[in-house]
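As a plain string of letters, each chain reads:
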Amino acid sequence: MIYFGADYYPEHWDEDRWKTDIQLMAQAGFNVVRLAEFAWSVLEPEDNVFDFDWLDRIIDLLGQKGIKVVLGTPSAAMPPWIQQAIPDVMLVDANGVSRGYGSRRDYSPTNDVYIGYAVRIARKMAEHYANNPNIIGWQIDNELGDRCYAPSTKRQFQQWLQEKYGTLDALNQCWGTRFWSHVYQEWSQIPVPLMTATGPHNPGLHLDFYRFISDVYVDFQQKQIDVIRSIVPEYHFITHNLMGFAYPNINYFDFSKDLDFISWDNYPRGFWITDDEIDPTVPAISHTLMRSLKKKNFWVMEQQSGHGSWTIMPPIPRPGEIELWAYQAIAHGASGIVFFRWRTARFGAEQFWHGILDHDGVGRRRYAEVVNVGKTIKRIQPYLEDAQTNAQVAILFSYDSSFAFEIQPNNPDLSYRNHVHSYYRALHKVGIDVDFVAPDEDFSNYKLVIVPALYVTTPETVQHLTSFVERGGIVIVTTRSGVKNIDNAVVDSPLPGLLQDLCGVQVDEYDSPLTGQNYAVEFTEEVSSSLISDGGAEAASIWCDVLQTLSAKPIAYYTENYYAGTPVITLNSVGQGKVIYVGTIGNQALVQSLVSYGLQLANLKSVLCVPSGVEVTSRWQGDQQILFVLNHNLNPECIELDSEYLDLVTCQNYVDQVDINPKQVLVLKRVGT
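Overview of the structure. Within every chain, residues take consecutive numbers counted from 1 along the sequence as written. For a predicted model such as this one, the threshold for reporting local features is a pLDDT of at least 70, and the threshold for listing and counting side-chain atom pairs is 80 or more; totals across whole chains, interfaces and linings nevertheless cover every residue. As a rule here, side-chain values come from all non-hydrogen atoms in the structure, and water together with hydrogens is ignored.

Concerning the overall build of the protein chain
Phase 1: The numbering of helices and of strands both runs from the N terminus, where a helix is a DSSP run of H or I of at least 4 residues and a strand a run of E of at least 2. Per the secondary structure count, the protein chain includes 18 helices and 27 strands.
Phase 2: In this setup the radius of gyration rests on C-alpha atoms only. A globule is expected at 2.2 Å times the number of residues raised to 0.38. Taken over C-alpha atoms, the radius of gyration comes to 26 Å for the protein chain, in line with the 26 Å a tight globule of 673 residues would show.
Phase 3: Projected onto its principal axes, the C-alpha positions of the protein chain cover 75 × 75 × 45 Å.
Phase 4: The classification of residues rests on relative accessible area computed with a 1.4 Å probe and restricted to protein chains. Under 20% of the type maximum is buried, over 50% is exposed, and intermediate values are partly exposed. Here the protein chain holds 673 residues, and the buried ones make up 60% of them.
Phase 5: Considering only contacts in the protein chain between residues 6 or more positions apart, those separated by 24 or more positions represent 73%.
Phase 6: Counting only carbon and sulfur atoms, one obtains 49% of the accessible surface of the protein chain, whose full area is about 26,000 Å².
Phase 7: Only four residue types enter the tally: Lys and Arg on the positive side, Asp and Glu on the negative side, with His and both chain ends excluded. The location of each charge is read from NZ of Lys, CZ of Arg, CG of Asp or CD of Glu. In the protein chain, 50 side chains carry a positive charge and 79 a negative one; their mean positions are 4 Å apart. A contact between two residues is defined here by any heavy atoms of the two lying within 4.5 Å. Note on areas: these come from Shrake-Rupley sampling with a 1.4 Å probe, and a residue is covered only by the protein chains present in the view.

This is the structure we're talking about:
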């Protein structure tokens, strides 16, 4: 089933308001709420004194209306008595400054005393609610991931390194510590990479620290998971609300392994948005990564329903956007939509982070949109039971490479995530469903695998890719792949390093163009005649490899700069498959052409051809394909159809074409199937 509801904070409101709230929730079709993830002070008002009576009462009232509950463990926001009891509990930032008390997620995740308190409150909650029939699951903490540089972090980092390397000789060798005379003779000599250093830290140390911090949060979460699972029934799920594709601090593939499914927090109009028009691929790429982490459906545990900011309010969601974002999530595999928040807080730091209801508790336009979503979900839900995404294209996403590029960007304009996003955007534009895969995954279920800037490369990943291509797969590898080994040291062979044989090219040298410099690229006639152009001129930018072909053949050349006439893109045949090497980051027009060519080689095409700004994605219920068509534009669009379809939202049949209004969604089932 699809769970539908809101994040609710009954502890913020007089108890005589609770029944009114719950009645409004029931009218909206809610079947779930999230509770208590920031309620530690009222759950444990003083050390080892617990009060669950208020939570019992609200859970019972919700249950009377058929509304189930996800309980959040409250470790994201410590009560003052804990901060007072543990003087060194506060998180220390990269400048070595201890955070002051007064916000949330401000604790050090390496403080063992704090972890003990967090595990204890999780245990007490699990013991109290294990047999409550209204509880269906648990959320661990809230949006984990801030990096910490506290003394306890430094000590645990040194221990982590000792377990990883065994000896200081091995560590010194892998990091190359003879550089700048940093040969370590005691584990206690190894620092954490504070920003206060006079220059950059050793890249090996820096990458290992980022890996370590990621592992710290995996372990912090695991301790709470273990205590809850030892107590609650098997049918209680455990999840965590992640922060989407853009969040850089945790390896989400590792972090998700012990969760039953992934949740994430979706704020398309957050305080960081600078353009009134929302790029639909921004939430889409996060939905895709969240689903891909476990290759199963996910929840949106916080779905924006109003202004999203603490101090300065960005534009409010436009009419239709709340509905559109909810349907977009479902289209990409969401089986739970939980709006943040039910009612806008009158006090505290989130007074301006608006919910479904305003400060006065009145439901207006936004509430009406939420009600409409609930009605639509009821209509389409039978067609989405156990429905999955069946992607035949994968993008390899490497957290090691992401961490390493964060440490050494190579070029001021080179963003690993933006580069990955450009290929996702090209696939999204033509309606091709995508999975993200980790470097150690099996790629055999796909026809096309895109490998953007695999900066940190291992022999195991290269072997996976080689086997995939030999069996007939198509791979696109882009520049800055194969540059580093697992220790973040540059390889001692020509680039693309371990990928040289697979790609059939050698990088003789490379150029790092200045911001705004673009160099025209020209495809060979054989390739250009088969491409579907989007009207833009293909250009190289940000990074330019000067290539020497080995077994590969050129399919595109530079036409400018001193490397004019040399190959920029090549094609290599390996076994039954082919590898495209792209020696530049390139503009979006170039990426779109490359994706078009790769899809042709893989014999893949979209089900529907749609105008720009219209999104098409599929979910499969067995052999039954359900198409979601979402118009993110401000104008109506006409969609050409390849068959007769039934729209499950309006129950209308469409043949040949259908008009779709701005912010409208069609949920189409092919007639006769």
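Here we look at the packing of helix H11 (residues 321–331) against helix H12 (residues 365–380)
Phase 1: Lines fitted to C-alpha atoms define the axes, with helix axes restricted to the stretch in contact, and inter-axis angles between N-to-C directions lie between 0 and 180 degrees. Where H11 meets H12, the axes come as close as 8 Å, and the angle between the chain directions of the two elements is 35 degrees. The chirality of how H11 crosses H12 is right-handed. Of the residues in H12, those in contact with Glu-321, Ile-322, Glu-323, Ala-326, Tyr-327 and Ile-330 of H11 are Arg-366, Glu-369, Val-370, Asn-372, Val-373, Thr-376 and Ile-377.
Phase 2: When residue character is reported, Ala, Val, Leu, Ile, Met, Phe, Trp, Tyr, Cys and Pro are called nonpolar, Asp, Glu, Lys and Arg charged, and the others, Gly included, polar. Taken together, the residues that form the contact of H11 with H12 break down as seven nonpolar, two polar and four charged. Handedness of a crossing follows from how the near helix is turned relative to the far one, being left-handed for an anticlockwise turn of less than a right angle and right-handed for a clockwise one.

Regarding the nonpolar core
Phase 1: Remark: nonpolar core denotes a set of buried residues (Ala, Val, Leu, Ile, Met, Phe, Trp, Tyr, Cys) joined through side-chain atoms within 4.5 Å. Ranked by size, the top nonpolar core spans 205 residues in total, and within it Leu-35 and Leu-71 carry the most contacts.
Phase 2: Tallying contributions element by element places helix H8 (residues 203–229) first for this core, with 13 residues.
Phase 3: Apart from residues lying up to four places away in sequence, Leu-35 is in contact with Tyr-8, Pro-10, Leu-55, Ile-58, Ile-59, Leu-62, Val-69, Val-70, Leu-71 and Gly-72.
Phase 4: Core analysis: the next-biggest nonpolar cluster, separate from the first, contains 14 residues, Leu-608, Val-614, Leu-627 and Ile-639 among them.

Some remarks on the pattern of salt bridges
Note that side chains of opposite charge can pair when their charged atoms are close.
Phase 1: The term salt bridge refers to a pairing of a side-chain nitrogen on Lys or Arg with a carboxyl oxygen on Asp or Glu at a separation within 4 Å. Per the stated rule, a full pass over the model turns up 28 salt bridges.
Phase 2: Put simply, Arg-34 and Asp-7 hold a salt bridge, and the shortest N to O gap is 2.9 Å. You can see Arg-34 sitting in strand E2 (residues 32–35) and its partner Asp-7 sitting in strand E1 (residues 3–7), a full 27 residues away along the chain. Each of the two residues, Arg-34 as well as Asp-7, counts as buried.
Phase 3: Of the charged contacts in the structure, one is a salt bridge between Lys-663 and Glu-321, with a shortest N-O distance of 3.9 Å. Of this pair, Lys-663 sits in the loop between strand E26 (657–660) and strand E27 (665–670) while Glu-321 sits in helix H11, and the two are 342 residues apart along the sequence.

Observations regarding the packing of aromatic side chains
Phase 1: To pair, rings of Phe, Tyr and Trp, with the six-membered ring standing in for Trp, must have centres within 6.5 Å; the planes then decide the type, stacked if under 30 degrees apart, edge-to-face if over 60, and tilted in the middle. Enumeration according to the criterion identifies 46 aromatic pairs in this entry.
Phase 2: On the numbers, 4.9 Å between centres and 90 degrees between planes, the contact of Phe-397 with Tyr-399 is edge-to-face.
Phase 3: The interplanar angle of 55 degrees and the centroid separation of 4.6 Å between the aromatic rings of Tyr-558 and Tyr-563 together place this pair among those described as tilted. Neither Tyr-558 nor Tyr-563 differs from the other in exposure class; each is buried.
Phase 4: A ring has a charge above it when a Lys NZ or an Arg CZ is no more than 6 Å from the ring centre and no more than 35 degrees off the ring normal. Its guanidinium or amino end placed over the ring of Phe-245, Arg-417 lies 5.7 Å from that ring's centre, counting from NZ or CZ.

Topic: the sheet that holds strand E24 (residues 645–647)
Phase 1: Read from one edge to the other, the open sheet built from five strands follows the order E21-E22-E27-E24-E25, with strand pairing classed as antiparallel. Since the sheet does not close on itself, it has two edges, and those belong to strand E21 (614–621) and strand E25 (652–654), each with one partner. Mean inter-strand twist for the sheet, computed between neighbouring axes without regard to direction, equals 30 degrees.
Phase 2: Any two strands are treated as partners once DSSP identifies two or more bridges connecting them. In terms of strand pairing, strand E22 (residues 624–631) meets E27 through five bridges, oriented antiparallel. What sits directly across from Leu-627, in E27, is Leu-668.

Considering the sheet that holds strand E16 (residues 539–541)
Phase 1: The nine strands are arranged E11-E10-E12-E13-E20-E19-E18-E15-E16 in an open sheet whose pairing can be described as mixed. The sheet is open, and its two borders are formed by strand E11 (434–437) and E16, each paired with just one other strand. For this sheet, the mean angle separating the axes of adjacent strands, direction not counted, is 25 degrees.
Phase 2: As defined by bridge partners, strand E13 (residues 474–478) adjoins strand E20 (residues 577–582) across five bridges and the pair is classed as parallel. Within the sheet, the bridge partner assigned to Val-475 lies in E20 and is Val-579.
Phase 3: Helix-sheet contacts for helix H18 (residues 588–601) involve strand E10 (393–396), strand E12 (448–451), E13, strand E15 (518–523), E16, strand E18 (553–558), strand E19 (567–574) and E20, and the interaxial angle to E20 is about 175 degrees.

Some words on the side chain of Thr-344
Phase 1: Take Thr-344: it is sitting in the loop between strand E9 (334–340) and H12.
Phase 2: Under this definition, polar contacts are N or O atom pairs within 3.5 Å; protein pairs additionally need one hydrogen-donor-capable and one acceptor-capable atom, and for neighbouring residues in sequence, both atoms have to be side-chain atoms. A polar contact is formed between the side chain of Thr-344 and the backbone nitrogen of Gly-355, at a distance of 2.9 Å.
Phase 3: In terms of polar contacts, Thr-344 uses its side chain to reach the backbone carbonyl oxygen of Leu-357, at 2.8 Å.
Phase 4: Setting aside residues no more than four positions away along its own chain, Thr-344 makes contact with Trp-13, Gln-351, Trp-353, His-354, Gly-355, Leu-357, Asp-358, His-359 and Arg-366.

Some words on the pairing of strand E3 (residues 68–72)
Residues in a regular strand point their side chains to alternate faces of the sheet.
Phase 1: Counting buried positions over the five residues of E3 gives four, a clear majority of the element.
Phase 2: Where E2 meets E3, four bridges bridge the pair, whose relative direction is parallel. Bridging across to E3, Val-32 finds its partner in Lys-68.
Phase 3: When E3 meets strand E4 (residues 135–139), the two strands line up parallel, connected through four bridges. From the neighbouring strand, Val-70 faces E4, where its bridge partner is Gly-137.

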